[in-house]
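# Geometric and topological summary
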Amino acid sequence: MTDARADALPPASPLDQDFSRPGRRPGKRSGWRLVRGAWRLLVGIKDLLVLVAMLLFFGLIFAALNARPGSKAITDGALLLKLDGPIVEQPEAIAPLAMLTSGGDTPRQYRLRDVVRAIDTARDDARVKVLVLDLDSFGGAYPASLQEIGEAMTRFRKGGKPVLAYATAYTDGAYRLAANASEIWVNPLGGTLFTGPGGNQLYYKGLIDKLGVTTHVYRVGKFKSFVEPYIRADQSPDARAAAQALYGTLFAQWREAVAKARPKAQIDAFLTQPDRAVLAANGNIAEANLKAALVDKLGDKLAFGKRVAEIAGAEANKPVGSFRTISYAAWVKANPLPTAGDAIGVLTIAGDIVDGEAGPGTAAGETVSKALLDGLAKKNLKALVVRVASPGGSVLASEQIRQAILEAKRQKLPVVVSMGGLAASGGYWVSTPADVIFAEPGTITGSIGIFGIIPTFENTLAKIGITTDGVKTTPLTGQPDVLSGTTPMLDTILQAGIENGYRQFLTRVAQSRHMTPEKVDTIAQGRVWDGGTARQIGLVDRFGNLSDAIAEAARRAKLDPAKVHAEYLEKKPGFAAFLAEGFESDDDGQQGGDVFAIAAAERRAIVARALGDVTRLAKGGSVQARCLECGGLGPVAKAGDARLLDLLITRLGL
């Protein structure tokens, strides 16, 4: 019998055909019904996913439009800087969907120039009654960045307004900021201890040996310690001596800055014999801090809020301890960068230098060079300032960026480099075209040296009984062979290439700094220098921040520094950034903790940074100019590294 309904309606697809009909392969009907059902299930899942994506999309738009900072008028109150994340030169872009699904745990990053501008513009604005720093979850910053913000806080206080700082426990970096406050508060159940720069690095040689991995390292520079964790189980004497000198200088600068900002603080006892200071207070660290004049007041968040309310006014219809607040995000938005006058281009090279393209927070050769070349073609730039805040990375990408900067020089533009908290290895490579280089005493720079690493797995495979064999037509056929190892011939060639690259690095520095390559070699060898020493040995010309560099660029272009503006040559925030901005709030972020919580956070950051280093090394497809020591002196971990650790923990079910 024929199915009348099937005759009336033709099948929608081959999967809908009824093979029980005559001539349609009888006996297959049940199997095709199963396939047809699976097909319809897949279509249904697809439609559901599309619907969910649309709901999320419009939900994000709605949330962003209703939560965007600056939508309300700014009224009198306290400018709140809740620095619950690291201070960086260029924040990484965070996808709105990632922010939505992270449950609010997405690390926030604060742009250095925005923080400084917020403080400076608030100094003479009558609406801002007090500056409040909440440093409970401070994510760190490089010493030079802390110095710049501290100086802005001092300018604010000289304007006649108070600065109040609060934390359950201050890290060294957080206290360097807090020392510039007129009142320092600490939680009575918390308290602050100081550790100084330095600490242990992770070394992977033992694990590599157990796995049977052979690490082929090609490098120049006895101080180029980035490769040591892969070939040693401990720090080499040369690397140790260089690190001790660097950390010693930076620690001395920290002590000097704290003593200058807070002369009454009896800091020495907490640096040399902290146990005695704590035991003298019967184990009450906060009380010991108060006795040593490290802090002014003991109080929890409620008490601190009441104190701020005395100055800024209490928030109506809010719980006790609330105060009238001016949102940091709203304030920055209400005080944009100036646009009047001639344009001085500012090219930001922030984060790891990598090949290809990448978003903000990473200095991708293609992206950065294109931003500069587009700016030269489309904007009437009078000079160029290159702002460098990078530990280095790909030599290929560094040279691509350098060539773009040289194009600005070919167009007769003055070129000034402004080094931020960090400008080492590849960060110094891209600085070599400068007419003049500015840095801060706490800037970390140098590390002039390069390396390459190729891991091979012949011993690993042998452990499980796998071998390799094949036909080779030349001495380099199949090389570099990660399965059966490299050959001595290839090793010789690659090492020669690294040595040639190092000579090119020396030549570029020598031409830039008016030295002989031999002279540069004596201060190179991969050694990392602080900004003060770098100036003494000729790697840096002057001390100064980004504003100083822009003013110098204007003068070199025969312009009045007061009549120019910075034209930042970077991609404008897109629609995704617009959505992400809508979720920012000064009430977000993790709460801080005592010294135990700080220790736990630092352990987590070390693991995250180690994962990030391994990932970057595995992805790095070119010769590298990168700095190892730099990682422990600034923000504890990149946002991407933290997300990678979260993913690993989730996958392992930890």
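Residues numbered from 1 in each chain as written. Predicted model: local features only at pLDDT ≥ 70, side-chain atom pairs only at ≥ 80, totals over all residues. Heavy atoms only, no water.

## Structural notes on the sheet that holds strand β6 (residues 183-186)
On the basis of which strands lie adjacent, the open sheet formed by six strands has the order β8-β6-β5-β4-β1-β9 and parallel pairing. Looking at the sheet topology across the chains shown, the edges are occupied by β8 (297-298) and β9 (325-327). As paired elements, strand β5 (residues 163-167) and β6 share four bridges and run parallel to each other. For Leu 164, the partnering residue across the bridge sits in β6 and is Glu 183. Helix α4 (residues 112-123) contacts β1 (77-82) and β4 (128-134) of the sheet and is inclined by roughly 165 degrees relative to β1. (Pairing = 2+ DSSP bridges. Helix = DSSP H or I, 4+ residues; strand = E, 2+ residues; numbered from the N terminus. Contact = heavy atoms within 4.5 Å. Axes fitted to C-alpha atoms, helices over the stretch in contact; angles between N-to-C directions.)

## Considerations on the nonpolar core
Within the largest apolar cluster, 53 residues are counted, with the highest numbers of intra-cluster contacts made by Leu 135, Tyr 170 and Tyr 175. With six residues, the single largest contributor to this core is α4. Formed by 49 residues, the second largest nonpolar core is a distinct cluster that contains Ile 401, Leu 506, Val 520 and Ile 523. (Core = buried A, V, L, I, M, F, W, Y, C linked by side-chain atoms within 4.5 Å. Buried < 20%, exposed > 50% of the residue type's maximum accessible area, 1.4 Å probe, protein only.)

## Examining the side chain of Ser 236
Relative to the helices and strands, Ser 236 is located in the loop between α8 (228-231) and α9 (237-261). Of the residues examined, Ser 236 reaches a relative accessible area of 9% and is grouped as buried. At a separation of 3.2 Å, a polar atom in the side chain of Ser 236 contacts the main-chain amide nitrogen of Ala 239. (Polar contact = N/O pair within 3.5 Å; in protein donor to acceptor, adjacent residues only side chain to side chain.)

## A few points about the pairing of strand β15 (residues 415-424)
Most of β15 sits inside the fold, with ten of its ten residues counted as buried. Two strands pair when backbone bridges link them, and strand β13 (residues 381-390) and β15 are joined in this way by six bridges, in the parallel orientation. Looking at the pairing, Val 385 lines up with Val 416 of β15. One ladder, built from three bridges, connects β15 with strand β16 (residues 436-439); its direction is parallel. In the strand pairing of β16, Ser 418 is matched with Phe 438. Pairing between β15 and strand β17 (residues 444-446): three bridges, direction parallel. Along β17, the bridge assignment pairs Ala 424 with Gly 446.

## Remarks on helix α19 (residues 488-513)
Between its first and last C-alpha atoms α19 spans 37 Å; for 26 residues at 1.5 Å apiece the expected length is 38 Å, and the two agree. Residues of α19 that are buried include every one of Leu 490, Ile 498, Gly 501, Tyr 502, Phe 505, Leu 506, Arg 508, Val 509, Ala 510, Ser 512 and Arg 513, and no others. Immediately beyond the C-terminal end of α19, within one or two residues, lies His 514, with a positive phi of roughly 60 degrees. (Expected span 1.5 Å × (residues − 1).)

## Description of the packing of aromatic side chains
What characterises a pair of aromatic rings is the spacing of the ring centres plus the angle enclosed by the ring planes. Taken as a whole and judged by the stated rule, the model has ten aromatic pairs. On the basis of an interplanar angle of 35 degrees and a centroid distance of 5.2 Å, the ring pair of Tyr 166 and Phe 304 is categorised as tilted. One end of the pair, Tyr 166, is in strand β5; the other, Phe 304, is in helix α13 (residues 301-312), and 138 residues separate them in sequence. Judged by relative accessible area, which is 1%, Tyr 166 ranks as buried. What links up through ring pairs into an aromatic cluster is the set Tyr 170, Tyr 175, Phe 194, Phe 251 and Trp 254. The ring of Tyr 568 has Arg 113 lying over it, and the distance from NZ or CZ to the ring centre is 3.6 Å. Taking the ring centre of Phe 543 as reference, the NZ or CZ of Arg 535 above it sits at 4.7 Å. (Phe/Tyr/Trp six-rings, centres within 6.5 Å; stacked < 30°, edge-to-face > 60°. Lys NZ or Arg CZ within 6 Å of the ring centre and 35° of its normal.)

## Structural notes on the pattern of salt bridges
As enumerated under the stated definition, the model contains 28 salt bridges in all. Residue Arg 262 pairs with Asp 296 through a salt bridge whose shortest N-O separation is 2.7 Å. In this pair, Arg 262 is assigned in the loop between α9 and α10 (268-272) and Asp 296 in the loop between α12 (285-291) and β8, connecting sequence segments 34 residues apart. A salt bridge links Glu 399 to Arg 508; the nearest nitrogen and oxygen atoms lie 3.2 Å apart. You can see Glu 399 sitting in helix α16 (residues 395-410) and its partner Arg 508 sitting in helix α19, a full 109 residues away along the chain. Exposure class is identical for Glu 399 and Arg 508. Each is buried. Linked by salt bridges that have partners in common, Arg 111, Arg 113, Asp 114, Arg 117 and Glu 570 make up one network. (Salt bridge = Lys/Arg side-chain N within 4 Å of Asp/Glu carboxyl O.)

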